[in-house]
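One letter stands for each residue in the lines below.
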Amino acid sequence: MEFINGYPEYMRASIEKVARTRQSRVGKSFTAMTLDERKELLSKFHPDYNVKGKRSVEVGTNKGEIIINEVADLLEARPLIAKDSVDLSQIDYDVDVLVIGGGGAGTVAALWANNSGIAIDKILVTTKLRLGDSNSMMAQGGIQAADRPEDSPARHYLDTYGGGHFANKPELVERLVKEAPFIIKWHESRGVLYDRDENGDFLELSGGGTSRNRLHAAKDYTGMEILRCIRDVARNRKIPVLEFTSAVELLTDGERVTGAVLYNMETEQYYVVRAKSVVLATGGFGRLHVQNYPTTNHYGATGDGLVLAYHAGAKLRDMDTAQYHPTGAAFPEQLVGLLITEKVRGLGAQPLNIDGETFVFPLEPRDVEAASFIRECYDRKKGIETPTGMQGIWLDSPLIEIIHGEGAIEKNLGAMHRMFQRFGIDMRKDPVLVFPTLHYQNGGVEIDRDAKTSLEGLFAGGEVEGGVHGKNRLMGNSLLDYNVFGRAAGISAAEYAKKAKKGKLTLHHVAKYNDSLDKAHVEPGLKAPILLPEYRGKEALSRALEIDKVVGE
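Residues numbered from 1 in each chain as written. Predicted model: local features only at pLDDT ≥ 70, side-chain atom pairs only at ≥ 80, totals over all residues. Heavy atoms only, no water.

## So, the overall build of the chain
Then, number 1: Scanning the chain from terminus to terminus reveals 17 helices and 24 strands.
Then, number 2: A globule of 553 residues ought to have a C-alpha radius of gyration of about 24 Å, and the chain, at 23 Å, matches this closely.
Then, number 3: When burial is assessed residue by residue, the chain has 59% of its 553 residues classed as buried.
Then, number 4: Taking the contacts inside the chain whose residues are at least 6 apart along the sequence as the reference set, 76% of them involve residues at least 24 apart.
Then, number 5: For the chain, the computed accessible surface area is about 21900 Å², with 50% contributed by carbon and sulfur atoms.
Then, number 6: Placing the 69 positive and 76 negative side-chain charges of the chain at their respective mean positions leaves the two points 2 Å apart. (Helix = DSSP H or I, 4+ residues; strand = E, 2+ residues; numbered from the N terminus. Rg over C-alpha atoms; globule rule 2.2 N^0.38 Å. Buried < 20%, exposed > 50% of the residue type's maximum accessible area, 1.4 Å probe, protein only. Contact = heavy atoms within 4.5 Å. Areas by Shrake-Rupley, 256 points an atom, 1.4 Å probe, with all protein chains shown as cover. Lys, Arg positive; Asp, Glu negative; His and termini not counted. Charge placed at Lys NZ, Arg CZ, Asp CG, Glu CD.)

## A few points about the sheet that holds strand E23 (residues 465-466)
Then, number 1: In space, the three strands of this open sheet follow the order E15-E21-E23, with mixed pairing throughout. Edge positions in the open sheet fall to strand E15 (316-317) and E23, since each of these has one partner strand only.
Then, number 2: In terms of strand pairing, E15 meets strand E21 (residues 444-446) through two bridges, oriented antiparallel. Each residue of the ladder has a partner; that of arginine 317, found in E21, is glycine 444. (Pairing = 2+ DSSP bridges.)

## Thoughts on the packing of helix H4 (residues 104-115) against helix H15 (residues 477-499)
Then, number 1: At a minimum axis distance of 7 Å, the contact between H4 and H15 shows a crossing angle of 40°. The orientation of H4 with respect to H15, classified from their angle, is oblique. In this structure, H4 meets H15 at a crossing whose hand is right-handed. Contacts between H4 and H15 involve Gly104, Ala105, Val108, Ala109, Trp112 and Ala113 from the first element and Tyr482, Asn483, Gly486, Arg487, Gly490, Ile491 and Ala494 from the second.
Then, number 2: Of the residues contributing to the contact of H4 with H15, the split by class is eight nonpolar, four polar and one charged. (Axes fitted to C-alpha atoms, helices over the stretch in contact; angles between N-to-C directions. Parallel < 35°, antiparallel > 145°, perpendicular 65-115°, else oblique. Left-handed = near helix turned anticlockwise from the far one by under 90°. Nonpolar A, V, L, I, M, F, W, Y, C, P; charged D, E, K, R; others polar.)

## Comments concerning the sheet that holds strand E9 (residues 204-205)
Then, number 1: Judged by pairing direction, the sheet is antiparallel, and its three strands sit side by side in the order E8-E10-E9 without closing on themselves. A single partner strand is all that each edge strand has here, and the edge strands are strand E8 (143-144) and E9.
Then, number 2: In the sheet, E8 pairs with strand E10 (residues 215-216) via two bridges, with the strands oriented antiparallel. From the neighbouring strand, glutamine 144 faces E10, where its bridge partner is leucine 215.

## Description of empty space enclosed by the protein
Then, number 1: Scanning the entire structure with this criterion turns up one cavity of 30 Å³ or more.
Then, number 2: Looking at the largest cavity, its volume works out to about 30 Å³.
Then, number 3: Taken together, Lys28, Ser29, Phe30, Gln350, Pro351, Thr358, Val360 and Pro362 make up the full set of residues lining the largest cavity.
Then, number 4: Among the residues making up the lining of the largest cavity, the classes are represented as four nonpolar, three polar and one charged. (1 Å grid on protein atoms, 1.4 Å probe; cavity = no way out; pocket = protein on both sides within 12 Å on 5 of 7 lines; lining within 4 Å. Points joined across faces, edges and corners; volume = space filled by probe spheres on them.)

## Thoughts on unusual backbone geometry
Then, number 1: Of note, the amide linkage connecting phenylalanine 331 to proline 332 takes the cis form, showing an omega dihedral of 0°.
Then, number 2: Topologically, proline 332 is positioned in the loop between strand E16 (323-329) and helix H10 (343-346).
Then, number 3: Between alanine 528 and the following residue, proline 529, the backbone shows a cis peptide bond with an omega angle of 5°.
Then, number 4: Here proline 529 is to be found in the loop between strand E24 (527-528) and helix H17 (538-542).
Then, number 5: One non-glycine residue, glutamate 268, lies in the positive phi region at around 60°.
Then, number 6: Inspection of the secondary structure puts glutamate 268 in the loop between strand E13 (257-264) and strand E14 (270-280).
Then, number 7: Accessibility expressed as a relative area gives 41% for glutamate 268, which makes it partly exposed.

## So, the packing of aromatic side chains
Then, number 1: Summed over all chains, the structure comprises 15 aromatic pairs.
Then, number 2: Relative to tyrosine 161, the ring of tyrosine 157 has its centre 5.7 Å away and its plane inclined at 40°; by these criteria the two rings are tilted. Highlighted residues: tyrosine 157 and tyrosine 161, both in helix H6 (residues 153-163), separated by four residues, approximately one helical turn.
Then, number 3: Overall, the relative accessible area of 21% leaves tyrosine 161 in the partly exposed class.
Then, number 4: Within the aromatic cluster, the residues linked to one another by ring pairs are Phe3, Tyr7, Phe331 and Trp394.
Then, number 5: Above the ring of phenylalanine 202, the side-chain terminus of arginine 196 is found at 4.1 Å from the ring centroid.
Then, number 6: Over the face of the ring belonging to tyrosine 440 we find arginine 473, whose NZ or CZ atom lies 4.1 Å from the ring centre. (Phe/Tyr/Trp six-rings, centres within 6.5 Å; stacked < 30°, edge-to-face > 60°. Lys NZ or Arg CZ within 6 Å of the ring centre and 35° of its normal.)

## A few points about helix H2 (residues 35-45)
Then, number 1: Of all the positions in H2, only Leu41, Leu42 and Phe45 are classed as buried. Here the buried residues of H2 occupy an arc of 100° about the axis, which is enough to place them on one side. Those residues of H2 that are exposed and angled more than 90 degrees off the buried face are Leu35, Asp36, Lys39 and Lys44.
Then, number 2: On the buried face of H2, the contacting elements are helix H11 (366-378). (Arc of directions from axis to C-beta.)

## Notes on the side chain of glutamate 76
Then, number 1: Relative to the helices and strands, glutamate 76 resides in the loop between helix H3 (69-75) and strand E5 (78-79).
Then, number 2: Judged by relative accessible area, glutamate 76 falls into the buried class, the value being 10%.
Then, number 3: When residues no more than four places from it in sequence are discounted, the contact partners of glutamate 76 are Arg55, Ser56, Val57, Glu58, Val59, Leu517 and Val522.

## Quick word on the domain arrangement of the chain
Then, number 1: Domain assignment breaks the chain into domain 1 (3-30 + 325-438) and domain 2 (79-321 + 441-499).
Then, number 2: The C-alpha-based centres of domain 1 and domain 2 are spaced at 31 Å.
Then, number 3: Contacts between the two partners involve 26 residues from domain 1, matched on the other side by 23 residues from domain 2.
Then, number 4: In total, domain 1 and domain 2 occlude about 2100 Å² of area from one another, counting both sides; carbon and sulfur atoms represent 57% of this.
Then, number 5: Among the residues of domain 1 in contact with domain 2, Lys343, Arg366 and Leu438 are the three that bury the most area, contributing 34% of the side total.
Then, number 6: Applying the counting criterion to the domain 1 and domain 2 interface returns one salt bridge.
Then, number 7: Between lysine 343 and aspartate 195 there is a salt bridge, with its nearest N and O atoms 3.6 Å apart.
Then, number 8: Every element with two or more residues in the side of domain 1 that touches domain 2 is listed here: H10, H11, helix H13 (408-412), helix H14 (414-421) and strand E20 (432-440).
Then, number 9: Per-class residue counts for the side of domain 1 that touches domain 2 are 14 nonpolar, six polar and six charged. (Domains from an automatic or database assignment. Buried area = accessible area lost by both parts, 1.4 Å probe. Salt bridge = Lys/Arg side-chain N within 4 Å of Asp/Glu carboxyl O.)

What follows is the structure, encoded as structure tokens:
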């Protein structure tokens, strides 16, 4: 197959149509949909509305509720360890605050637990990869904060509540938007370099579903810039961190959460941690590849926190939806699923079909935008097919240079530019091909405004928690979420720990959970948490050594 400037020759006819219509599209935009039009589109084309993609869960606190198949399978899997398989009398770590997860929310929680009076040596962070290896590091587009005179937290609230289809917990949205300006100031005090204009004012862009420009960004690597700074603070304070060490079960005394069992993934050794309070900050479930979609998520995003909390009896919410980012890379094959930040559309790039036609307002809420792409490809048959049979939509990135001047892409989207340039594609001259990709866990472990879960002694922040975003998250609210509720979780966990006594360590809830699986006639098979995704094919697995690496067996 012959390639011209990174693309197969057969795609060039469509790319030329895009180029011919480009000047006529400058300054013009497709009309935004009405609420009724959005609802109809979603019901027909969004993956969340595929009835075959969800089912009732048979056990636990959410028994009888409709949940995404892959998550239901995870919740109905057998626990990794049995009630008596770990010696809980040998305590390896005895702390006030245990933070499970070393991404954005976990790092923020640990810092604010320390700020709230918990000594460094009484905090422990455990993370399955390295500190910072997370979706927080990979986030690109920006963080929302209503800090301009023409904007307000009230407007931010309405955008977020409407974007979540009015299923959000109002008190969580209120805290999210009210604390956003403080978070930006805190970041700046920690060294975060947000984009500014020549006068020193913030450069704030629009995002899908927002009524004002309030997106603060550091080019197109905002998540990395934020986490670079707050992780440095945690390292400079020498907050203890166990890397490559996953939590495999919480510990309880029957009344409250009292610690966790950890598993060192390198040495296959388990550790027992006693803690007065526990913060869950394990991120999302993208690596479950819901409905076989590719994902933007990092390697460890396997929904572990949902499993840990659910086994212990915590309540989950909004687990019938997932967010599919409309612009995941569709070509070249090596990039499939990787995020093409919404900032590309915010700067003026338009989604186009095979004939170079606009068909949707570029900044609809993410679920609406994604559904429109799916409709254009599979219903209207106007997508662009890749050499492997995948469908895609053009994102006309050269428009950005026409609108903002030569050099705008390298200045604002340096990471995107380099990513495509590696494969011979110059997004300054040619459009890029995109299709929806699994991006975010909308729901999670239910919390209140102080990040408390339904279990005493357990707090949660970041993508693992549910209630903030309802059925759909707006761009820029994920980085904000983990900062606001990671902070809330750290403060609440610290205040709880100051008053709490050390509790008894048991795994009785694991035995009860296994009993509930037996009563529901769930056959043994999958075990959870799964810790890391399995990408080996059948042939590789058939030739794998039979080494049992399950803790306690």
